[in-house]
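Descriptive analysis of the structure
As a plain string of letters, each chain reads:
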Amino acid sequence: MRIVSSTSFWNTSTKDIEVTDGTIHHYLGMYTSLMASYMVKGGWMFQVWGSHSPTARVIQGRILRNYGGGFAIQKRFLKDKASVNLSFYDVLKSRWFAFESYNFGDYQMTSIRRWESRSVFVSFTYNFGKLTEGKERRENNSGGIGDDVDVPISQ
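Remember, predicted model here, so these are calculated numbers, not experimental data.

Across a sheet, paired strands are connected by hydrogen bonds in the backbone, their directions being either parallel or antiparallel. An order of β4-β5-β8-β9 is seen for the four strands of this open sheet, with the pairing classed as antiparallel. Every interior strand has two partners, whereas the edge strands, β4 (56–58) and β9 (110–113), have only one. Going from strand to strand, the sheet's axes swing by 15° on average, the running direction of each strand aside. When β4 meets strand β5 (residues 61–63), the two strands line up antiparallel, connected through three bridges. Looking across to β5, one finds that V58 is bridged to G61.

Put into structure tokens, the structure is as follows:
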């Protein structure tokens with residue numbers, strides 16, 4: 001089993017006479033994702049992934065949390081030269097962008113944007129030629145650093 005996780009944090013600092021009365025305000029944000037893949041006998045690979053962004057304050061208001069995920073199934077055959085991949089994105093139909101502004105006296109705004117993100121993809125891949133020659137060429141050009149790391153079948 002292979003598990004890959006990534007988390008990003010950021011800070012935005014703002015000083016605005018109109019909104020913050022000239023004081024510095026700091027706004028923190030975060031994004032995290034997790035992907036797990038599992039290879040079984042017979043050329044089958046299963047993969048699941050998800051991501052999450054918690055509610056984040058910004059100078060005008062707040063961006064509401066966002067999360068989503070999906071999974072994929074891959075079957076390799078013809079001595080691993082060919083594969084068929086079936087991927088499902090946004091299984092829970094949870095992808096959206098929502099923003100709520102602070103009440104500035106004259107106005108307050110709420111915006112919700114839901115896009116059509118639930119989708120299914122089928123792909124077929126066939127590798128022509130000798131893969132080891134290309135691998136050896138890349139190793140020679142990269143100073144001996146190989147590319148033996150598995151690449152996720154979907155993101």
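The structure having been displayed, the exposition proceeds.
The six strands are arranged β1-β2-β3-β6-β7-β10 in an open sheet whose pairing can be described as antiparallel. Two strands bound the open sheet, and with one partner strand each, they are β1 (2–15) and β10 (119–126). Between one strand axis and the next, the sheet turns by 15° as a mean value, whatever way the strands run. Sheet topology note: the strand β3 (residues 44–53)/strand β6 (residues 66–77) ladder contains ten bridges and is antiparallel. Counted as the bridge partner of F46 is I73 from β6.

Conventions used here
- Residues numbered from 1 in each chain as written.
- Predicted model: local features only at pLDDT ≥ 70, side-chain atom pairs only at ≥ 80, totals over all residues.
- Heavy atoms only, no water.
- Pairing = 2+ DSSP bridges.
- Helix = DSSP H or I, 4+ residues; strand = E, 2+ residues; numbered from the N terminus.
- Axes fitted to C-alpha atoms, helices over the stretch in contact; angles between N-to-C directions.

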